[in-house]
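Secondary and tertiary structure notes
Residue strings, one per chain:
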Amino acid sequence: MTGAAGFIGSNLVKRLFSDVSGATIVGIDNMNDYYDVTLKEYRLKQLGDIVPEGTSWHFIKGDIADRATIDGIFAEFRPQVVVNLAAQAGVRYSITNPDAYIQSNLIGFYNILEACRNHPVEHLVYASSSSVYGSNKKVPYSTDDKVDNPVSLYAATKKSNELMAHAYSKLYNIPSTGLRFFTVYGPAGRPDMAYFGFTNKLRKGETIQIFNFGNCKRDFTYVDDIVEGVVRIMQGAPEKRQGDDGLPVPPYAVYNIGNNQPENLLTFVDILQQELIRAGVLPADYDFEAHKKLVPMQPGDVPVTYADTSALERDFGFKPSTSLRDGLRAFAEWYAEFYKN
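Residues numbered from 1 in each chain as written. Predicted model: local features only at pLDDT ≥ 70, side-chain atom pairs only at ≥ 80, totals over all residues. Heavy atoms only, no water.

1. Considerations on the overall build of the protein
For the record, the criterion: Going along the chain from the N terminus, every DSSP run of H or I of four or more residues is numbered as a helix, and every run of E of two or more is numbered as a strand. The quantity called the radius of gyration is restricted to C-alpha atoms. Its globule counterpart is 2.2 Å times the number of residues to the power 0.38. Whether a residue is buried, partly exposed or exposed follows from its accessible area with a 1.4 Å probe, protein chains only, as a fraction of its type maximum: under 20%, in between, or over 50%, in that order. Any two residues whose heavy atoms approach within 4.5 Å are treated as being in contact. Methods summary: accessible areas were calculated by the Shrake-Rupley approach with a probe of 1.4 Å, and residue burial reflects only the protein chains presented. Counted charges follow a simple rule, with Lys and Arg positive, Asp and Glu negative, and His plus the chain ends left uncounted. Where a charge lies is defined by one atom per residue type, namely NZ (Lys), CZ (Arg), CG (Asp) and CD (Glu).
Looking only at helices and strands, one finds 11 helices and 14 strands in the protein. Against the 2.2 N^0.38 benchmark of 20 Å for 341 residues, the protein shows a C-alpha radius of gyration of 20 Å, consistent with a compact globule. Principal-axis analysis of the C-alpha atoms gives the protein an extent of 70 × 50 × 40 Å. Within the protein, buried positions represent 53% of all 341 residues. Counting only contacts in the protein whose residues sit at least 6 apart along the sequence, the fraction spanning at least 24 positions is 84%. Carbon together with sulfur atoms contributes 49% to the accessible area of the protein, which is approximately 15100 Å² in total. Positive and negative side-chain charges of the protein, numbering 34 and 40 respectively, have mean locations separated by a distance of 3 Å.

Here it is as structure tokens:
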């Protein structure tokens, strides 16, 4: 598993510890400082404290853009299932730091694909993103929609991952599944995400900016729902079969994992502030109106994200369902405890 110290990656490892008896799980992460490394170290320590008896957990600090490192891991461990969650994330950061996206999201993913070709695997599962839909006017977003108009380099790299995986599935019969995640949030998440960044600023008495004058909608998806979807999909590799031409039909699939219920940003901020007060992160008399500023849309942003999850429901019998209030409550309680300590 790449990106094992990341938000989704660490939660997925935790889930596999409880679900899969006697597994060998190999995690890699470069532990870069895109956001506070303390959080990544905290997640890793949590994992180290709960490795079950009989499970073999190996963590390697390394970069998927380093071909020799990846080849060495595959040669030593011969993984059956590969989950690629390592990526340079963030839409706005891709405007100012494009090199990081080329290295991790393109070169790094190419190295994973080559390793899967040279050391055949049963299933490659990789993170794509709802960002590939760009400013698609049709909602909810379906995996059947054309996604040829990315509005950020980040989105372009994620669409490229899907194209690269399709080519390798066709050429080398590698079962691969791409997962388009929709605005993932929860405890110990990424500080660059709105809910976490807003909380940090409000706690310091700073003003938060709400883009598109509050007229954005996001399909917020709680991390446990994301992990549930990934675990199910890991076990359901696309079937290998021959086409009429005698060549392999690409064992390839793409799914949305989203809550299928977009929320207005102003509603989101209102629930967040209520839960931060409830958890004691902010005082009961906090003046939110004095710390909010409505501003125009930012480059690379889109007004709405909305996942059509019908394919996920049809093939895996699962649909994310955690309410925004329940998810933000879990985050607020974690935040209060983490920063108190």
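2. Structural notes on the pairing of strand β5 (residues 176-181)
Regular strands have side chains that alternate between both faces of the sheet. Our working rule: Two strands qualify as a pair provided DSSP detects at least 2 bridges between them. Here the term right-handed applies to a crossover when the path leading from its first strand over the helix to its second strand runs clockwise, the strands being oriented away from the viewer.
With respect to burial, β5 is a largely interior element, six of its six residues being buried. Sheet analysis places strand β4 (residues 123-129) next to β5, joined by six bridges and oriented parallel. Each residue of the ladder has a partner; that of Ala127, found in β5, is Leu179. Crossover β4 to β5 through helix α6 (residues 153-172) is right-handed. Bridge count for β5 against strand β12 (residues 252-257) is six bridges, and the pairing is parallel. What sits directly across from Leu179, in β12, is Tyr255.

3. Digging into the packing of helix α3 (residues 67-77) against helix α5 (residues 98-118)
Where we set the bar: For helices, the fitted line uses only the C-alpha atoms of the stretch in contact; every axis is such a line through C-alpha atoms, and the angle between N-to-C directions lies from 0 to 180 degrees. The crossing is said to be left-handed when, going from far helix to near helix, the turn is anticlockwise and less than a right angle, and right-handed when the turn is clockwise. Polarity classes work like this: nonpolar for Ala, Val, Leu, Ile, Met, Phe, Trp, Tyr, Cys and Pro, charged for Asp, Glu, Lys and Arg, and polar for all others, with Gly in that last group.
Direction vectors running N to C along α3 and α5 enclose 35 degrees, while the axes themselves pass 10 Å from each other. Regarding α3 and α5, the two cross each other, and that crossing is right-handed. In this structure, α3 contributes Arg67, Ile70, Asp71 and Phe74 to the contact, and α5 contributes Tyr110, Asn111, Ile112, Glu114, Ala115, Cys116 and Asn118. Residues of the contact of α3 with α5, tallied by class, amount to six nonpolar, two polar and three charged.

4. Describing the environment of Leu312
Secondary-structure assignment places Leu312 in helix α10 (residues 310-316). Its relative accessible area of 1% is what places Leu312 among the buried residues. Separated by 56 residues in the primary sequence, Leu312 and Asn256 place their C-alpha atoms 7.0 Å from one another. With sequence-adjacent residues up to four places away left out, Leu312 is seen in contact with Ile233, Tyr255, Asn256, Ile257, Gly317, Phe318 and Pro320.

5. Looking at the nonpolar core
As a reminder, the rule being used: Among buried residues, the Ala, Val, Leu, Ile, Met, Phe, Trp, Tyr and Cys ones that are joined through side-chain atoms within 4.5 Å form a nonpolar core.
Judged by nonpolar contacts, the single largest core of 68 residues is most densely connected at Leu12, Phe181, Tyr195, Val230 and Phe268. Every residue in contact with Val230, bar those within four places of it in the chain, is listed here: Leu12, Val83, Leu179, Phe181 and Ile257.

6. Some details on a nonpolar patch on the surface
Counted only if it meets this: Put simply, a patch holds well-exposed residues, over 30% relative accessible area, that have no salt bridge, with like charges counted together within 9 Å and Val, Leu, Ile, Met, Phe, Trp or Tyr side chains within 5 Å. Any Lys or Arg side-chain nitrogen located within 4 Å of an Asp or Glu carboxyl oxygen qualifies as a salt bridge.
On the surface, Phe213, Leu266 and Leu294 cluster together into a nonpolar patch covering about 270 Å² of accessible area. The topology assignment puts Phe213 in the loop between β7 (208-210) and β8 (217-218). Judged by its relative accessible area of 43%, Phe213 is partly exposed.

7. So, the sheet that holds β12
In any sheet, the strands associate via hydrogen bonds between backbone groups, in a parallel or an antiparallel arrangement. The parallel open sheet is built from four strands, whose spatial order is β3-β4-β5-β12. At either margin of the open sheet sits one strand with a lone partner, and together these are β3 (81-84) and β12. The average undirected angle you get between the axes of adjacent strands in this sheet is 20 degrees.

8. A look at the pattern of salt bridges
A side chain with one charge may pair with a side chain of the opposite charge, provided their charged atoms come close. Counted according to the given criterion, the structure contains 17 salt bridges. In this structure, Glu228 engages Arg15 in a salt bridge whose closest nitrogen and oxygen atoms are separated by 2.8 Å. In this pair, Glu228 is assigned in helix α8 (residues 223-234) and Arg15 in helix α1 (residues 7-19), connecting sequence segments 213 residues apart. In this structure, Lys292 engages Glu289 in a salt bridge whose closest nitrogen and oxygen atoms are separated by 3.1 Å. By relative accessible area, Lys292 is classed as partly exposed at 24%. The network of salt bridges with common partners includes Arg15, Asp19, Glu228 and Arg232.

9. Concerning the side chain of Lys40
Structurally, Lys40 is set in helix α2 (residues 37-49). In this structure Lys40 is buried but unpaired, with Asp29 as the nearest side chain of opposite charge at 4.8 Å. In this structure, Lys40 is in contact with Ala5, Met31, Asn32 and Tyr35, ignoring residues within four places of it in sequence.

10. Structural notes on the packing of aromatic side chains
Applicable threshold: Pairing of aromatic side chains here covers Phe, Tyr and the six-membered ring of Trp, requires ring centres within 6.5 Å, and sorts the geometry by plane angle: under 30 degrees stacked, over 60 edge-to-face, intermediate tilted. Think of it as a cone above the ring: NZ of Lys or CZ of Arg counts as a charge over the ring if it is within 6 Å of the ring centre and within 35 degrees of the ring normal.
Within the structure shown, the criterion is met by 32 aromatic pairs. Seen in terms of ring centroids, Trp334 and Phe338 are 4.9 Å apart; in terms of plane orientation they differ by 20 degrees. Their pairing is stacked. Of this pair, Trp334 and Phe338 both sit in helix α11 (residues 324-340), four residues apart, which is roughly one turn of that helix. Relative accessible area serves as the criterion here: at 11%, Trp334 is assigned to the buried category. Cation over ring: Arg117 sits above Tyr172, and NZ or CZ is 4.8 Å from the ring centre.

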